[in-house]
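Okay, here's what each chain looks like letter by letter:
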Number of protein chains: 2
Amino acid sequence: MQTPWENRYAQRTQRMGSSAIRELLKLTEKPDLISFAGGLPAPDVFPVQAFQEACNRVLQEQGTIALQYSTTEGYLPLREMIARHTARFGIEITPENILITSGSQQALDLLGKIFINRGDRVVVEDPTYLGAIQAWNAYGAEFLTVPMDSDGMVTDALEEALRSGPKFIYILPNFQNPTGVTLTLERRKRVVELADRYGVPIIEDDPYGQLRYEGQHLPSIVNLDRQFRDNCNICYRGNVIYLSTFSKILAPGLRLAWVIAPPEVIRKLVQAKQGADLHTSTFNQVVAHEVSRNNFLDGHIELIRRVYRERRDLMLAAMDRHFPPEVDWTHPQGGLFLWGTMPEYLDAADVLKTAIEYKVAFVPGSPFYAAGGGHNTMRINFSNAIPEQIQVGVSRLGQVFSEKIAAKIVAG
Amino acid sequence: MQTPWENRYAQRTQRMGSSAIRELLKLTEKPDLISFAGGLPAPDVFPVQAFQEACNRVLQEQGTIALQYSTTEGYLPLREMIARHTARFGIEITPENILITSGSQQALDLLGKIFINRGDRVVVEDPTYLGAIQAWNAYGAEFLTVPMDSDGMVTDALEEALRSGPKFIYILPNFQNPTGVTLTLERRKRVVELADRYGVPIIEDDPYGQLRYEGQHLPSIVNLDRQFRDNCNICYRGNVIYLSTFSKILAPGLRLAWVIAPPEVIRKLVQAKQGADLHTSTFNQVVAHEVSRNNFLDGHIELIRRVYRERRDLMLAAMDRHFPPEVDWTHPQGGLFLWGTMPEYLDAADVLKTAIEYKVAFVPGSPFYAAGGGHNTMRINFSNAIPEQIQVGVSRLGQVFSEKIAAKIVAG
């Protein structure tokens with residue numbers, strides 16, 4: 001007889017839906033559709049030539065190391081490079097503070113695995129990164145949402161959430177996914193103080209921190225936590241677990257990211273990672289190290305900033321021209337996304353259906369709200385489409401919004 | 001104040017120890033120590049040149065695809081290649097039956113995630129693969145162990161375990177890790193029948209199936225399950241989930257493996273993988289596909305077989321010469337490992353300490369016993385060390401055993 005698989009799955013699978021975004025993306029794969037839906041880097045800035053040279057050098061000089069099993073913690077020269085890079089932003093750490101993961105998504109999964117018991121509460125921004133919701137749903141997390149405004153998480157509302165005894169606070173301070181909003185310096189300090197006062201750790205997710213197109217770089221929360229503790233041994237032992245990635249500054253196809261945390265947390269994450277995938281690809285770690293040596297990344301990040309800044313500016317200008325006054329949007333200082341808000345009477349999923357007919361796409365905002373809501377919001381990516389597509393796509397979107405609003409007014 | 005991290009971890013971490021093997025391996029990293037402890041392929045058979053050519057072609061011809069995000073299911077041409085390869089061994093499947101994972105360890109983790117509720121029973125061979133115990137401990141599995149003999153899992157003892165209502169049976173039929181033992185054809189058929197009778201799915205883990213050095217290839221359990229069902233649509237929908245990997249036939253540093261399963265199980269695994277690491281490295285998938293095209297693997301696997309067969313034969317001959325009659329060992333027909341049994345009065349961990357002083361190492365067998373036991377057993381790898389090291393290492397081991405036995409006889 002056939003196995004009734006549906007009845008064999010574990011309880012945790014009940015909250016594992018396929019990502020709404022991924023399902024929608026399938027509708028947007030038509031070649032003539034202009035998609036602002038994904039969170040993809042621009043392929044034209046991938047340093048293909050540098051990769052080719054690095055692969056050749058690595059395979060010639062250390063091929064048997066790069067193709068062999070390696071340690072769970074990650075390739076030591078790469079961790080050393082990350083420690084040096086981190087020191088430039090004001091926080092001294094050692095390789096003992098670093099775990100290499102298979103993308104930041106794996107870091108979120110491993111953090112869920114070591115921290116979350118079924119029913120544990122975790123504090124998130126409202127809206128927050130969809131991948132974190134997905135990862136932690138599998139461990140039975142309950143989400144305590146804290147509202148955001150144009151200065152980031154509203155810290156006045158954070159304190160009440162902290163009094164509910166959450167496992168940790170999850171926060172994306174720079175050019176947040178999905179809203180593009182940046183947490184102010186004052187609020188960053190307040191988050192560190194409140195977290196310390198209630199003894200709740202912080203997970204700081206910072207994939208885009210280096211992709212700032214205007215304004216001044218703000219210190220990371222892990223950095224402020226270090227200052228708060230005035231603790232100057234070089235092995236960081238504070239209250240913050242910091243995540244970043246090579247996906248946005250080098251190439252997402254490598255699946256390479258890192259966690260910075262107190263050494264005892266790294267050791268626990270290493271145990272979890274042993275059971276999850278043994279270690280991250282040795283080859284990709286050695287090649288990424290080879291590509292990044294000799295300050296290659298500095299110049300490369302400058303190139304990415306130039307390209308994305310131009311696309312952001314182009315998109316904002318086109319929105320000014322084409323979007324009806326009933327639609328609002330954020331003006332991010334960096335990152336990959338901006339966030340749009342339609343009138344309450346419009347539903348973004350419904351608008352998306354029409355937009356796809358017009359051959360343009362975005363992501364409806366509601367899946368990013370861990371506790372529901374946001375039916376009239378949307379995430380719009382400006383990094384992936386080329387300038388001409390941005391012009392045409394925004395104009396099409398403007399037409400869709402105007403039609404939807406006009407139809408409502410006629411009907412109303 | 002400092003965060004008391006130890007008190008914040010989830011309950012599941014209580015069963016997450018660092019792998020005993022990995023802790024021991026740290027002791028064996030001295031350069032002049034001959035280690036039979038790891039499960040590493042021979043680095044001298046890595047096709048470094050072929051990789052270099054493939055990297056160059058991939059980056060020249062499709063660099064922007066290889067470095068970009070890709071689908072969770074895996075790179076379609078690679079899945080198509082695996083489907084064609086699988087068909088040669090008698091089971092027709094489509095890419096819908098295949099998920100690419102970040103090594104087989106990830107497949108074990110994802111299977112635990114979708115199937116195991118805390119307290120669920122899973123049937124394993126005694127001893128079994130340590131990585132499966134680690135992966136499933138995190139989900140709170142209880143292990144029902146079925147003894148093995150020189151013909152593999154004792155199927156007469158399997159039926160009682162099946163009557164306990166387990167979630168699945170986990171079995172490594174070919175040159176098992178850790179014992180090197182192969183399940184006979186008769187018992188394979190019996191496992192398929194019993195699993196069907198009790199409605200319990202099978203997870204067949206087959207990392208070494210193609211590394212046979214003597215005797216005839218036996219059909220895989222998934223293949224026998226197909227025949228049992230006499231079900232000839234090409235989308236496999238039977239009772240078996242089959243795992244294999246590129247780690248032993250190409251290079252483990254890529255972290256590339258695959259799962260074959262009914263399409264509905266693949267879809268559930270894809271949901272779990274989205275939250276776990278989004279997808280496996282695009283770059284490694286595209287490069288592995290490029291390396292493997294034009295039947296490169298056929299010749300390469302032939303080379304691996306030749307090298308490993310020679311090492312196995314050398315090791316068995318050296319054991320005959322150097323090991324005292326009180327020590328027994330298996331004669332595997334393939335794979336990477338053989339399994340030794342010392343007299344009951346010796347403890348393998350204690351013997352290992354002495355062996356390390358003699359600059360030779362193996363892995364004590366007890367961690368492979370999910371329900372405890374096996375204190376006098378050991379796993380010995382014959383793929384990684386070069387012939388001269390095998391000769392010297394086995395002679396040193398023989399000396400250690402003889403001394404330990406002599407000391408016991410004097411003391412006794």
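Above this text you will find the structure in question.
The sections below set out a description of the structure shown in this document. For clarity, every value in this text was computed on a predicted model and none was experimentally measured.

1. Focus on the sheet that holds strand β9 (residues 257-260) of chain A
All names here are of chain A.
- Read across the sheet, eight strands follow the order β2-β9-β8-β7-β6-β3-β4-β5 without closing on themselves; strand pairing throughout is mixed. Of all strands in the sheet, those with a lone pairing partner are β2 (98-101) and β5 (152-153), marking the two edges.
- Sheet analysis places strand β6 (residues 168-171) next to strand β7 (residues 202-205), joined by three bridges and oriented parallel. The residue of β7 that forms the bridge with I171 is E204.

2. Structural notes on the nonpolar core
- If you look at the biggest cluster of nonpolar residues, it comprises 208 residues, and the most contacted ones within it are A:F283 and B:F283.
- Contact partners of A:F283, with chain neighbours within four places excluded, come to A:C55, A:V58, A:L59, A:A66, A:L67, B:C55, B:G253, B:L254, B:F283 and B:N284.
- Of all hydrophobic cores here, the second largest spans 72 residues; its members include A:L99, A:I203, B:W136 and B:V270.

3. Some points on the packing of helix α12 (residues 348-357) of chain B against helix α13 (residues 387-411) of chain B
All names here are of chain B.
- Relative to each other, α12 and α13 sit at 125 degrees, their axes nearing to 10 Å. Classified by the angle between their axes, α12 and α13 sit oblique to one another. Crossing hand, α12 versus α13: right-handed. Contact residues: α12 offers D350, V351, T354 and A355, while α13 offers L397, V400, F401 and K404.
- Residues that form the contact of α12 with α13 fall into these classes: five nonpolar, one polar and two charged.

4. Concerning the packing of aromatic side chains
- Per the stated rule, a full pass over the model turns up 27 aromatic pairs over all chains.
- Each ring, one from B:W136 and one from B:Y170, has its centre 5.0 Å from the other, and the planes form 85 degrees; the classification is edge-to-face. Taken together, the positions of B:W136 in helix α5 (residues 130-137) and B:Y170 in strand β6 (residues 168-171) put the pair 34 residues apart, joining distant regions of the chain. For the pair shown, B:W136 and B:Y170 are each scored as buried.
- An aromatic cluster of three or more residues is present, and its members are A:W5, A:Y9, B:F115, B:W136, B:F168 and B:Y170.

5. Points about the packing of helix α11 (residues 296-322) of chain B against α13(B)
Residue and element names in this part refer to chain B.
- Between α11 and α13, the shortest axis-to-axis distance is 9 Å and the interhelical angle comes to 25 degrees. Taken together, the axis directions place α11 and α13 in an arrangement best described as roughly parallel. When the axes of α11 and α13 are compared, the crossing they make is right-handed. Here α11 contributes E310, R311, L314, M315, A318, M319, R321 and H322 to the contact with α13, which in turn contributes P387, I390, Q391, V394, S395 and G398.
- The residue makeup of the contact of α11 with α13, split by class, is seven nonpolar, four polar and three charged.

6. Concerning the environment of B:P367
Residue and element names in this part refer to chain B.
- Its location among the elements puts P367 in the loop between β13 (363-364) and β14 (377-381).
- For P367, a relative accessible area of 24% translates into the label partly exposed.
- Separated by 281 residues in sequence, P367 and T86 place their C-alpha atoms 33 Å apart.

Reading the values: the criteria
- Residues numbered from 1 in each chain as written.
- Chains lettered and ligands numbered in written order.
- Predicted model: local features only at pLDDT ≥ 70, side-chain atom pairs only at ≥ 80, totals over all residues.
- Heavy atoms only, no water.
- Pairing = 2+ DSSP bridges.
- Helix = DSSP H or I, 4+ residues; strand = E, 2+ residues; numbered from the N terminus.
- Core = buried A, V, L, I, M, F, W, Y, C linked by side-chain atoms within 4.5 Å.
- Buried < 20%, exposed > 50% of the residue type's maximum accessible area, 1.4 Å probe, protein only.
- Contact = heavy atoms within 4.5 Å.
- Axes fitted to C-alpha atoms, helices over the stretch in contact; angles between N-to-C directions.
- Parallel < 35°, antiparallel > 145°, perpendicular 65-115°, else oblique.
- Left-handed = near helix turned anticlockwise from the far one by under 90°.
- Nonpolar A, V, L, I, M, F, W, Y, C, P; charged D, E, K, R; others polar.
- Phe/Tyr/Trp six-rings, centres within 6.5 Å; stacked < 30°, edge-to-face > 60°.

What is shown is where atoms sit, not what they do.
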